[in-house]
Amino acid sequence: MRYRVLGQTGLKVSEVGFGGWAIGGNTFGQSLGATDDAVSLAALQQAYEHGCNLFVTSDAFGRGHSETLLGQALRNWRREDVILVTQGGMDFREEVLAKAPQGKPNFSGEHLKRSVDASLQRLGVDEIDVYLLHTPPLDVVQHGQVFETLDALKTAGKIRFAGISIQDPQEGIQAIRLGRVDVVMAPYNLFDTRAEKQLFAVCQESGTGLLIREPLARGFLSGAMTEMVAFEKGDVRAVWPKPLIAKRVQAAEKFRALQPEQYSSLAQMALAYCLRVDVVSSVVPDCCTPQEVVENLSV
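Asker: Explain the environment of Leu-70 to me, using residue names and the numbers behind them.
Answerer: With respect to the helices and strands, Leu-70 occurs in helix H2 (residues 65-74). Residue Leu-70 is classed as buried on the basis of its relative accessible area of 4%. Placed 56 residues apart in sequence, Leu-70 and Asp-126 show a C-alpha to C-alpha distance of 14 Å.

Asker: Provide a residue-level description of helix H1 (residues 37-49), including the pertinent values.
Answerer: With 13 residues, H1 should reach 18 Å at 1.5 Å per residue; the first-to-last C-alpha distance of 18 Å fits that figure. When we look at burial in H1, the residues that qualify are Ser-40, Ala-43, Leu-44 and Ala-47. Seen along its axis, H1 keeps its buried residues to an arc of 100°; they face one direction. Along H1, exposed side chains directed more than 90 degrees from the buried face belong to Ala-38 and Glu-49. Buried-residue contacts for H1 involve strand S3 (18-19), strand S4 (54-56), H2 and helix H12 (290-297). The N-capping residue of H1, defined by a side-chain oxygen 2.8 Å from the backbone nitrogen of Ala-38, is Asp-36.

Asker: Would you mind going over the packing of H1 against H12 in detail, with residue names and values included?
Answerer: Put simply, H1 and H12 touch, their axes get as near as 8 Å, and they point 25° apart. With respect to H12, the element H1 is oriented roughly parallel. Handedness of the crossing formed by H1 with H12: right-handed. Contacts between H1 and H12 involve Val-39, Ala-42, Ala-43, Gln-46 and Ala-47 from the first element and Pro-290, Val-293, Val-294 and Leu-297 from the second. Here the residues of the contact of H1 with H12 sort into 8 nonpolar, 1 polar and no charged.

Asker: Give me the lowdown on the sheet that holds strand S10 (residues 183-187), citing residues and values where you can.
Answerer: Sheet architecture is open: 8 strands sit in the order S3-S4-S5-S8-S9-S10-S11-S12, paired in parallel fashion. Taken across any chain shown, the strands that pair with only one partner, and hence form the sheet edges, are S3 and strand S12 (282-284).

Asker: Mind laying out the environment of Val-146, listing which residues take part and the relevant values?
Answerer: Within the secondary structure, Val-146 is located in helix H6 (residues 145-155). Classification of Val-146 as buried rests on a relative accessible area of 6%. Taking the C-alpha atoms as reference points, Val-146 and Arg-180, separated by 34 residues in sequence, lie 9.7 Å from one another.

Asker: Break down the pattern of salt bridges for me, with residues and values.
Answerer: Taken as a whole and assessed by the stated rule, the structure comprises 19 salt bridges. Arg-276 is the salt-bridge partner of Glu-196, the closest N and O atoms lying 2.9 Å from each other. Taken together, the residues Glu-196 in helix H8 (residues 194-197) and Arg-276 in the loop between helix H11 (266-275) and S12 connect sequence positions 80 residues apart. With a relative accessible area of 31%, Glu-196 lands in the partly exposed category. With its nearest N and O atoms 2.9 Å apart, the salt bridge here joins Arg-237 to Asp-235. Exposure remark for Arg-237: the relative accessible area of 8% places this residue in the buried category. A relative accessible area of 5% places Asp-235 in the buried class. Overlapping salt bridges, with partners in common, bring together Arg-2, Arg-4 and Glu-15 in one network.

Asker: I'd love a proper account of the pairing of strand S11 (residues 209-213), names of residues and values included.
Answerer: Most of S11 sits inside the fold, with 5 of its 5 residues counted as buried. By the alternation rule, side chains of S11 split into Gly-209, Leu-211 and Arg-213 and Leu-210 and Ile-212, which are all buried. Pairing analysis gives 5 bridges linking S10 to S11, with the strands arranged parallel. When the sheet's bridge partners are listed, Ala-186 is paired in S11 with Ile-212.

Thresholds, definitions, all that
Residues numbered from 1 in each chain as written. Predicted model: local features only at pLDDT ≥ 70, side-chain atom pairs only at ≥ 80, totals over all residues. Heavy atoms only, no water. Helix = DSSP H or I, 4+ residues; strand = E, 2+ residues; numbered from the N terminus. Buried < 20%, exposed > 50% of the residue type's maximum accessible area, 1.4 Å probe, protein only. Expected span 1.5 Å × (residues − 1). Arc of directions from axis to C-beta. Contact = heavy atoms within 4.5 Å. Polar contact = N/O pair within 3.5 Å; in protein donor to acceptor, adjacent residues only side chain to side chain. Axes fitted to C-alpha atoms, helices over the stretch in contact; angles between N-to-C directions. Parallel < 35°, antiparallel > 145°, perpendicular 65-115°, else oblique. Left-handed = near helix turned anticlockwise from the far one by under 90°. Nonpolar A, V, L, I, M, F, W, Y, C, P; charged D, E, K, R; others polar. Pairing = 2+ DSSP bridges. Salt bridge = Lys/Arg side-chain N within 4 Å of Asp/Glu carboxyl O.

Below, the structure written as structure tokens:
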């Protein structure tokens, strides 16, 4: 396993991390499908044993279930060997769910402090290495008050570094220009190269750590999808129109035809594509089986 430094944090992270969305399961929907906890724990252990030290989760993944599983695995690891990244910003309190069954965004200082405490408890640690705002709207970023909360959490010793997970590159650029983030996590893959046009240069110039999420485009660059694929209810891909799914599969097949011999799978080529950019510290594919972990870490 090779390692890179995460911006100016000084943290050395594995070039390929472990994304925890998939292991959150499908109990509450907004998932990547149903999972088996025993298999998920085996996948986490496989990643650790193969030199992966970057584990990225969120309190939104299975409403904390992904964090709980990671915390369970962490009991068997040396804490100093692991970089823990989690995210917050969705409110799943009972009174909120009564009106919004899927929860709703909440980036208030009160909620984020409450969320960090809950994440610490589920993970079973005293401090989170990197805490990210989970895809906040641009107006939250531009207002800037949310970063005061992150600074307070640093001062309290509950998080070491702070940042933002984004949907649109402009959200990351705005946060960096405010000078208040250590790390940005952005979607980037063979299908979606928006971040490369502006965000990468801003991260390079500012020394902001850059993590890549969805490098396998929610599984469509794994090489395992066909046009006949069917997603169960609750999987975020289940509502995608069939023409879009077919288009993604066909595009993936075109990329597969370009696959160099040194890569044994389309997934490996897709991960290597992201890692070719020096400013990228780590790519974070979502994993749920030991087999997926081994393939991803063999880039």
